[in-house]
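Structural features, examined
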Amino acid sequence: MKAIVVTDEAAGTAGMTLVERPEPAAAINDVIVEIHASGFVPTELAWPSTWSDRRGRDRTPSIPGHELAGVVSALGYGTAGVSVGQRVFGLADWYRDGTLAEYVAIEARNLAPLPGDVEFTVGASLPISGLTAWQGLFDHGHLQAGQSVLAHGAAGAVGTMVTQLAREAGAYVIGTGRAADRQKALDFGAQEFVDLENDALEDVGGVDLVFDVIGGDIQKRSAGLIRSGGTLVTVVGLPEARPADGLAVDFVVESDRAQLGEIVQRVRDGRLRTNIGYVATLDDAVAALNPTERHTGKPILRIRP
Ligand SMILES: NC(=O)c1ccc[n+]([C@@H]2O[C@H](COP(=O)([O-])OP(=O)(O)OC[C@H]3O[C@@H](n4cnc5c(N)ncnc54)[C@H](OP(=O)(O)O)[C@@H]3O)[C@@H](O)[C@H]2O)c1
């Protein structure tokens, strides 16, 4: 099969190459998915799981990409809950070969049914951004209607999901980002926008929940804005700051079939819009994933026409 591989951690996305690899075999509880579209988070090449296995051994050449939408083509021993020919989407294991390829072996529990009226490219854009937003807001942030959310990077892949899901849950959303992102963040439902390059973050006043996708100084200054009993949720590493009277939580997104179902249902009924940046083919992927100018939105590969 055709697949993108990486072997050189220092090279980042520039080290990606398109090669021929053996098709994966299905282990216990696995399925093989014929991938139709994949999502990619450029920062994943900085994650240790791209380079080593769970015992810390080198696992290169590794196939990056953890989001997929496709059709089940084979079942492993003992696999239940999905069937050959079924349309699925989901989040692949961080430590196994991923989804920038024509096929992937993946545990069935990491997949959810993809309804027939949802395009594969849309399905592939949802798992990481949708589940991260869902789990950060509801599982870790315990968001309640009437609370306020500071959604950093609100025009980004995760941030647009955070904004929409928080609004639907009855929260007041203040988005942040670069000056050029203002209109996009407002279009996705942010009620205010803070341009982190020109506005004073501190003018926001108090908020109940900070959803951090940036870290560093922005995270530290945001912690100071959190009201008593509020929460800082971050997805970019261990928290570097804590609210004076609240919680700081970091987490790595996990696949969840029921949550994937909630997310895709919202896409179908118009409550949730996805934020696809560009769609490239597998043959064009190395160039597309190494853009020479700023791209916004989620990069998607269409693996099959
Ligand atoms: N722990 C987890 O489970 C998990 C899950 C998903 C994502 N993540 C992480 O979350 C981060 C965001 O992911 P994503 O897919 O949403 O990325 P994304 O689509 O690039 O969104 C991030 C947004 O924040 C903006 N931004 C970043 N730094 C900024 C700054 N200093 N000032 C103003 N705006 C800034 C970006 O603008 P520019 O593009 O111009 O920088 C972009 O619009 C990544 O680091 C990713 O690895 C973690």
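So, here's what we can say about the structure. Predicted, not measured: the structure shown is a model, and the values here were computed from it.

Taken N-terminus to C-terminus, the directions of helix α2 (residues 127-140) and helix α3 (residues 157-168) make an angle of 50 degrees; their axes are 8 Å apart at the nearest point. As far as their axial angle goes, α3 and α2 are oblique. For α2 against α3, the interelement crossing comes out right-handed. Along the contact surface, α2 presents S129, G130, T132, A133, W134, G136 and L137, while α3 presents A157, V158, M161, V162, L165 and A166. Here the contact of α2 with α3 is composed, by residue class, of nine nonpolar, four polar and no charged.

Here we take up the site of the ligand. Inspection of the region around the ligand gives 24 residues, with T43, G153, G156, V158 and V235 positioned closest. Of the residues assigned to the shell around the ligand, the class counts are 13 nonpolar, eight polar and three charged. Here the shell around the ligand spans two domains, since at least three of its residues come from each of domain 1 (2-126 + 274-302) and domain 2 (129-250).

Turning our attention to the nonpolar core. If you look at the biggest cluster of nonpolar residues, it comprises 82 residues, and the most contacted ones within it are V33, F89, V149 and A151. Sorting elements by how many residues they give to this core places α3 first, with six residues. Among the domains, domain 1 (2-126 + 274-302) and domain 2 (129-250) are the pair contributing at least three residues each to this core. The residues contacting V149, other than those within four sequence positions of it, are L143, A166, A171, V173, V207, L209 and F211.

The rules behind each value
Residues numbered from 1 in each chain as written. Predicted model: local features only at pLDDT ≥ 70, side-chain atom pairs only at ≥ 80, totals over all residues. Axes fitted to C-alpha atoms, helices over the stretch in contact; angles between N-to-C directions. Helix = DSSP H or I, 4+ residues; strand = E, 2+ residues; numbered from the N terminus. Parallel < 35°, antiparallel > 145°, perpendicular 65-115°, else oblique. Left-handed = near helix turned anticlockwise from the far one by under 90°. Contact = placed C-beta atoms within 7 Å. Nonpolar A, V, L, I, M, F, W, Y, C, P; charged D, E, K, R; others polar. Near = placed C-beta within 6 Å. Domains from an automatic or database assignment. Core = buried A, V, L, I, M, F, W, Y, C linked by C-beta atoms within 7 Å. Buried ≥ 20, exposed ≤ 12 C-beta atoms within 10 Å, placed from the backbone.

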